[in-house]
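# An overview of the molecular structure
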Amino acid sequence: MKFIIDKLYLEHNLSEEELLELLNNLNDEDKNYLIEKAHETRMNTYGDKVFMRGLIEFTNYCKRNCKYCGIRAANKLADRYRLTQDEILEACSEGYKLGYRTFVLQGGEDDYFTDEKIVQIVKAIKNRYSDTAITLSIGEKSYDSYKRFYEAGADRYLLRHETASRELYEKLHPGMSFDNRIRCLFDLKAIGYQVGAGFMIGLPGQTNEDYVKDLVFLKRLEPHMVGIGPFIPHKDTPLGKEKGGTLEKTIIMLAIIRLLLPKVLLPATTALGSIDPIGREKGIKAGANVVMPNLSPTSVRKKYALYDGKICTGDEAAECRMCIEGRIKKAGFSVDMSRGDYKDWGKF
Ligand code: SAH
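The following refers to the structure shown. (Residues numbered from 1 in each chain as written. Predicted model: local features only at pLDDT ≥ 70, side-chain atom pairs only at ≥ 80, totals over all residues. Heavy atoms only, no water.)

## Here we look at the overall build of the chain
Short version of the rule: Secondary structure is summarised from DSSP: a helix means a run of H or I of at least four residues, a strand means a run of E of at least two, and numbering begins at the N terminus for each. Here the globule rule is a power law, 2.2 Å times the number of residues to the power 0.38, and the radius of gyration is based on C-alpha atoms. We call a residue buried when its accessible area falls under 20% of the maximum for its residue type, exposed when it is over 50%, and partly exposed in between, using a 1.4 Å probe and counting protein chains only. In short, Shrake-Rupley with a 1.4 Å probe defines the accessible areas, and a residue's cover is counted only from the protein chains shown. Asp and Glu count as negative and Lys and Arg as positive, but His and the ends of the chain are not part of the count. For charged residues, the charge sits on one atom: NZ in Lys, CZ in Arg, CG in Asp, CD in Glu.
Looking only at helices and strands, the chain has 14 helices and 11 strands in total. Compactness check: the chain gives a C-alpha radius of gyration of 19 Å against a globular reference of 20 Å for 348 residues, within 12% of the reference. Dimensions of the chain, computed from C-alpha atoms along their principal axes, come out at roughly 55 × 40 × 40 Å. Relative to its full complement of 348 residues, the chain shows a buried share of 60%. Carbon and sulfur atoms provide 49% of the accessible area of the chain, an area that totals close to 14100 Å². Of the side-chain charges in the chain, 53 are positive and 50 negative, and the distance between the mean point of each set is 3 Å.

As structure tokens, this is what we get:
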């Protein structure tokens, strides 16, 4: 097993058979070695820095019906909200004062926010805060829409592929197309965005063979960012009674992704922090180098409930900022408030 981990560390690639072997047969000692190598790799690329992004969850209206997600259209119990452009700008203003230089605008797929409205919001933020990066995370759009947002000033786009297993994807996303999701990711790259893909861990029926597909897909796409986190059931969804993903599996995946894509920006996600009190710290120690504290107004925080038990839903932006900074430092890392763009060192 050490041989396979060393190969991944040195060559940043493995065959499908080797990846499966790694996932099937890791013992505790191998796991520690994998994490050690992932940590070494991040120290060689971005050092001990952890980049901060201010997350603004601006709408929980959604036309999709992803079976795992608490804000799916069919969930009539979800208490829906939309922020106005002024409220979004207010959240940015607060974030800017706290030092954030990246704003992530995330939401359900909400047709109220037409391309025109998104363009206006992006332009308004860029106008006021020209030294910030804007990340959009608003789902599947056409090439032309993505292009318009990019030309308006959006720098980055997060669109998890969710799972690279076509069968599992189709089971979880009624009425959606796996090919279209993949098309979106390649379009975003072609347009020039820094692109984030990613997947959930511990979905019902997900196997190690499926994770191999995720890893192979990531290697093929070569995204700038990869967002992964455990699936956590939400009681008012069809998967409400299923088991969620584990901390251990998520940490192993983070470490493998750090080795597979040494330069990637890799968040320790809120979902990871929600299943373990120091989940994000453990993620950071296994190669993660981004955190995304919440900047949404506290009045709507609880309503952006993708899963049950989400942390930080009662904290003011300033509290989140301080809390996460303390955690990062305590774990032995340093906070970086810059835009935190993807760096290409050429062949690594
Ligand atoms: N509508 C946007 C943003 C989705 S929300 C889009 O389609 O990209 C951001 C991410 O939350 C999703 O990509 C999904 O991976 C994750 N998510 C949704 N429900 C979840 C759950 N129950 N447990 C864990 N993660 C979840």
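## Considering the pairing of strand S1 (residues 49–52)
Selection criterion: For two strands to be treated as a pair, DSSP must find no fewer than two bridges joining them.
Sheet analysis places S1 next to strand S11 (residues 334–336), joined by 3 bridges and oriented parallel. Following the sheet pairing, Val50 is matched in S11 by Val335. For S1 and strand S10 (residues 290–291), the ladder comprises 2 bridges, and the chain directions are parallel. The residue of S10 that forms the bridge with Phe51 is Val290.

## Observations regarding the environment of Lys97
Along the chain, the position of Lys97 falls in helix H4 (residues 85–97). Overall, the relative accessible area of 69% leaves Lys97 in the exposed class. In this structure, the C-alpha to C-alpha distance between Lys97 and Asp48, residues 49 residues apart in sequence, is 24 Å.

## Focus: the pattern of salt bridges
In plain terms, the rule: Between Lys or Arg on one side and Asp or Glu on the other, a salt bridge is scored when a side-chain nitrogen of the former is within 4 Å of a carboxyl oxygen of the latter.
One pass over the structure, following the stated rule, counts 27 salt bridges. Taking the shortest distance from any N to any O, the salt bridge between Asp155 and Arg339 comes out at 3.6 Å. Note that Asp155 is positioned in the loop between helix H6 (143–152) and strand S5 (156–158) and Arg339 in the segment after S11, a separation of 184 residues in sequence. Using a relative accessible area of 17% as the deciding quantity, one classes Asp155 as buried. Within the structure, one salt-bridge network assembled from shared partners comprises Arg64, Glu109, Glu140, Glu162 and Arg181.

## Thoughts on the packing of aromatic side chains
Under the convention used in this document: When the centres of two rings from Phe, Tyr and Trp lie within 6.5 Å, Trp using its six-membered ring, the rings pair. Their planes under 30 degrees apart give stacked, over 60 give edge-to-face, and anything left gives tilted. Working rule: Lys NZ or Arg CZ, within 6 Å of ring centre, within 35 degrees of ring normal, means a charge sits over the ring.
In total, this model carries 12 aromatic pairs according to the counting rule given. Here the aromatic residues Tyr146, Tyr150, Tyr157 and Tyr193 are joined through ring pairs into a cluster of three or more. Directly above the ring of Tyr33 sits Lys2, whose terminal nitrogen or CZ lies 4.8 Å from the centroid.

## Overview of a negative patch on the surface
In plain terms, the rule: Residues enter a patch when their relative accessible area is above 30% and they make no salt bridge; the linking distance is 9 Å between like charges and 5 Å between nonpolar side chains (Val, Leu, Ile, Met, Phe, Trp, Tyr).
The grouping of Asp86, Glu87, Glu90, Glu94, Glu316 and Glu319 at the surface amounts to a negative patch. In terms of residues, the negative patch owes the most to one element, H4, which gives 4 residues. In this fold, Glu90 is placed in helix H4. Given the relative accessible area of 47%, Glu90 is considered partly exposed.

## Some details on the sheet that holds S11
The condition that has to hold: Any two residues whose heavy atoms approach within 4.5 Å are treated as being in contact. For helices, the fitted axis covers only the stretch in contact; all axes are lines through C-alpha atoms, and the angles between them, taken along N-to-C directions, range from 0 to 180 degrees.
One open sheet holds the 3 strands; their spatial order is S10-S1-S11, and the pairing between them is parallel. In the strand order of this sheet, the two ends are held by S10 and S11, each with one partner. Sitting on the sheet, helix H14 (residues 317–330) is in contact with S1, S10 and S11, with an inclination near 165 degrees to S1.

## Some points on the site of the ligand
Convention followed: Nearness of a residue to a molecule or strand requires only that one of the residue's heavy atoms be within 4 Å of it. Identification of polar contacts relies on pairs of N or O atoms within 3.5 Å, with a donor-acceptor requirement for protein atoms, meaning one able to donate a hydrogen and the other able to accept it, and with residues adjacent in sequence counted only if both atoms are side-chain atoms. Residue polarity follows a fixed list, in which Ala, Val, Leu, Ile, Met, Phe, Trp, Tyr, Cys and Pro are nonpolar, Asp, Glu, Lys and Arg are charged, and the others, Gly among them, are polar.
In the region of the ligand, 17 residues are neighbours, and Tyr68, Gly107, Arg160, Glu162 and Ile232 sit closest. The contact in question runs from a nitrogen atom of the ligand to an N or O atom on the backbone of Ile232, over 2.8 Å. Contact with the protein chains hides 91% of the accessible area of the ligand, taken as 560 Å² for the molecule alone. Within the shell around the ligand, the residues separate by chemical class into 10 nonpolar, 4 polar and 3 charged.

## So, the environment of Ser142
Locating Ser142 in the fold gives a position in the loop between strand S4 (133–137) and H6. Overall, the relative accessible area of 36% leaves Ser142 in the partly exposed class. Separated by 88 residues in sequence, Ser142 and Pro230 have C-alpha atoms that sit 29 Å apart. A distance of 3.0 Å separates a polar atom in the side chain of Ser142 from a polar atom in the side chain of Ser145.

## Describing the side chain of Gln206
Considering the arrangement of structural elements, one finds Gln206 in the loop between strand S7 (200–201) and helix H9 (208–221). From its side chain, Gln206 meets the backbone nitrogen of Gly202 in a polar contact 2.9 Å long. At a separation of 2.8 Å, a polar atom in the side chain of Gln206 contacts the main-chain amide nitrogen of Leu203. In this structure Gln206 touches Thr163, Leu168, Met200, Ile201, Tyr211 and Asp214, once residues within four positions along its chain are discounted.

Just geometry here; none of it tells us what the structure is for.
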